[in-house]
Amino acid sequence: MKKHHYNPDSCTTCTACVVHCPVTQAVREFRGPKLAGPAGERFRLSEDDYDAALEYCSNCKNCDISCPSRVPISTLNMKAKAKYYKTHKQSLRDWILSHGEQMAKMASMTPGLANMGMNNFLSRAIMKRVGISDKAPLPAYASEPFIKQFKKIKQQSFANKVVFYPGCFISFNQPEVGLDVVAVLQANQFEVIVPEEAVCCGSPLVVNGFMDEAEANARKNVAILKKYVELGYSVITACTSCGLMLKQEYQELFEINEQERVAARIYDISEFLLELYDEGRLNTNFVKQAGRYLYHAPCHLRVQGIGRPGLELVKMLPGIEVTDADAGCCGISGNYGFKDDKYDIAMSVGSNLFETIKASGVTSVLSECGTCRLQIAHGAKVKTAHPITIVRKAYGI
Amino acid sequence: MRTSDVIVIGGGLAGLTAAIVAAGRGKEVTLMTSGAGTLAIGGGTIDMLGYLEDNTTVYSPRDGLGRLAEDHPYSKVGSQVMEDAVQFFLTMCKEEGFAYTGSMDSTQWLPTAVGTLKPSCLVPLTMDISLLKAANHVVVAGFSRLKDYFPELVIKGLSKLPGYQKEYEKVVIETGFTGGRDVTTLDIARWLDTAAGQQACYEQLGKHIKPGSVVIIPPVLGSRPNYDVRNKLEQALSCKFVETVIMPTAITGLRLRAMLLNRAKKLGVKIMEQAHAAWAVKDGSRVMSVVTSNIDRERAYSTQAVILATGGFFGGGIVADPDTVHEAVLQLPVEAPTDREEWGTLKLFSGAAQPFAKIGIKVDSSLRPVDAQGKVLLENVYIAGRNLAGYDYCLEKSGNGVALVTGYKAGLTC
């Protein structure tokens, strides 16, 4: 297996990354991925040099997608950020945005109160004071976290078992997506295991420089998932950023014993189902349903090199009309677009996608990423859904 | 089980052309790409043949063909395929609202950022030089803070050339950009996509334009594959624009790539980004599936045929290690002088061919890979673009031409 390499000299300074960087397009203050990443790295190797422009990088990975020399440019940026924040303190805002899991665990004790508290004029004003945009599409908390709802499901028992890693967004904000995953897997004769002790994948920690905490989470998750992988189980994600973290970014960022064994068994839910289809094992008893959708491929899916399995799967469903929006990054990039000083950049980045959606006339957009869905609903004023929700509907369950 | 009629490996001009042609024939096409490639940053002109190996100038690409060696890719596919490929390309561009001009009849000499002329063949309408030749008054426009672009250099160079003794006027357009980074043509093209940018350009150029003026400008007339920006400015200013050939990042290539991607998607080509093709599962002399190797695991994709368009040494399709030279995905043989000293000539700027530039995969007339004896090695594999042996695109100015023609042929044959 080819590993990514960290030698910034693999960069030939061709500028393909600059051309395709959505943040570079949106703001002139950002020097672009080439200079912030591999070129900056040369200086950082020789002296402690922090380029404030690094704060503009959203880790959306369009630089990695466009790089012909396979330089993990965004990861170089994240590592440089982490080095800086080893000796500097992050803002309260960045702490809050990076610790969604802790925040959510507290909030989920009293979700009604938390939602009320989050979405009133006063608390949005307070959030703005710490640097969270009062216009940003912050997600609401679910009335009951996924794990509690999952435990209430009476699953049919099957010999085939898979592990489902829900991640924070499904766990605390949209558990219904996780329930759809479980239902679809059950319809395909898989029993689903959800390891309750698994923690946040660490993606929101990495982007704000909390690298030690991200590594602690990575070690914990790898240790937990490894036990299941050793039993021969695959690990399924339904959030493309969690999936990318578990299969790729852990390997780029950390040295964890045998993590590549876990990485090799991480599946996007749609990719997993399509593999079943290739083996002739996918339950294809789909009922016809009416629906016209646009599909938005999250950048964190595009960089995985597995195409657009969610789109492919939905295209198989009878009665469904779905078109690839193919209009670039939505701008949100995890918690980037929630930041007060980044909100306008994120909206500018997403503007092409929003315009494409509006021009299409569709009222519902499909995407695997939870925060992409928030941003699309916010920017294009449409409904959104995870592709797996449409698949579940096709099973009529 | 999902399968493709053809998997195209490589998303450059050769790969995209092959994918579009095959999909146009009703084939199920999967296009695997690794990075955005040089098409996105390159010049976007289709240079067919500007010079022969002995450095003689080619004034008509069609006439030049007869003087090429028989192992040149053009000779392999033949002149009829070339004519068809050119026609195919021109028709496609027109249908996509981004027409190109030119033909195999005559070489087009395009003004460059350093005031020289570069031979090409099929060019976007923004590079049509016929009006420039006829013009007396030429405004040479630059932009404040634009890196590596000096209107005075363009004027100095051009005015020395026969037929270019004209009344030149230099104009530097102020963009008003703030922010710390260098200004690139892409920044300006995106600015000119906006009404504000167009207005500023109109106001600053207006007072220099006379009836019949032609404006020479870097490639900045919009970032998208259409002529909206050019048309608006030409109409408002009653003049004609000619974009110059510049170093990367040249917006002309970005526009061409965007047009080709649009076309491919319309035809149902399945594009897989970052799918790093690593090796193939073979059964005898047939490839059964292409295996990608990403950081997590390998994945096999079943197919009836493969078009290999992964590039040469620069693109990574051909790899030279200290002891070996090989093709990276299908492990096809690559013939090269054993003595590395013979790979290059030390006279860098003599206009002589560089032997290493011709190193590549040998093929039959269907572009299938062959061994030293001419025996077909893989029946369902076709090679397109810089993977091919037998031409020095840098010297000949034939890079995009070979990519187009062989991509077309491969897409037609697979």
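Procedures and definitions
- Here the residue index of a chain counts from 1 through its sequence in written order.
- Chains and ligands are labelled by the order in which they are written, letters from A for the one and numbers from 1 for the other.
- Since the coordinates come from a predicted model, pLDDT governs what is reported: local features require at least 70, and pairs of side-chain atoms require 80 or more to be given and counted, while whole-chain, interface and lining totals use all residues.
- Helix and strand definitions follow DSSP, with helices as H or I runs of at least four residues and strands as E runs of at least two, each counted in order from the N terminus.
- Both definitions apply: the radius of gyration is a C-alpha atom measure, and the globule rule equals 2.2 Å times residues to the power 0.38.
- Here a residue counts as buried when 20 or more other C-beta atoms sit within 10 Å of its C-beta, as exposed when there are 12 or fewer, and as partly exposed otherwise, the C-beta atoms being derived from the backbone.
- In this description, any two residues whose backbone-derived C-beta atoms lie within 7 Å of each other are considered to be in contact.
- Think of it this way: DSSP has to see at least two bridges between two strands before they count as a pair.
- Axis definition: a line fitted to C-alpha atoms, over the contacting stretch in the case of helices. Angles run 0 to 180 degrees between N-to-C directions.
- UniProt positions are given in the numbering used here, feature names are shortened, and annotations may be inferred rather than shown by experiment.

So, the overall build of chain B
- Helices and strands together make up the secondary structure of chain B, namely twelve helices and 17 strands.
- For 414 residues, the compact-globule estimate of 2.2 N^0.38 gives 22 Å, and the C-alpha radius of gyration of chain B, at 22 Å, lies within 12% of that figure.
- Based on the C-alpha atoms only, the size of chain B along its principal axes is roughly 70 × 45 × 40 Å.
- Expressed as a percentage of its 414 residues, the buried residues of chain B come to 50%.
- Counting only contacts in chain B whose residues sit at least 6 apart along the sequence, the fraction spanning at least 24 positions is 70%.

Re unusual backbone geometry
- Between Pro248(B) and the following residue, Thr249(B), the backbone shows a cis peptide bond with an omega angle of 5°.
- Along the chain, Thr249(B) turns up in the loop between β10 (240-243) and α10 (251-266).
- Of note in the backbone geometry, Gln189(A) takes a positive phi value of approximately 60° without being a glycine.
- Of note, Gln189(A) is situated in the loop between α12 (175-187) and β2 (191-193).
- For Gln189(A), a count of 13 C-beta atoms within 10 Å gives the class partly exposed.
- Here Arg145(B), not a glycine, exhibits a phi torsion of approximately 65°, which is positive.
- Residue position: Arg145(B) is located in the loop between β7 (137-143) and α6 (151-158).

Some remarks on the sheet that holds strand β8 (residues 383-385) of chain A
Residues and elements named next belong to chain A.
- Pairing in this open sheet of four strands is parallel, and the strands run β6-β5-β7-β8 from one edge to the other. Each edge of the sheet is formed by a strand with only one pairing partner; in this case those strands are β6 (320-324) and β8. Each adjacent strand pair in this sheet contributes to an overall mean axis angle of 30°, direction not counted.
- For strand β5 (residues 291-295) and β6, the ladder comprises five bridges, and the chain directions are parallel. Opposite Gly-291, over in β6, you have Ile-320 as the bridge partner.

So, the UniProt feature "domain: FAD-dependent oxidoreductase 2 FAD-binding" (unreviewed entry) in chain B
- Following the UniProt record, the feature "domain: FAD-dependent oxidoreductase 2 FAD-binding" (unreviewed entry) maps to residues 5-402 of chain B here.
- From the first C-alpha to the last, residues 5-402 of chain B spans 24 Å; its make-up is 27% helix and 20% strand.

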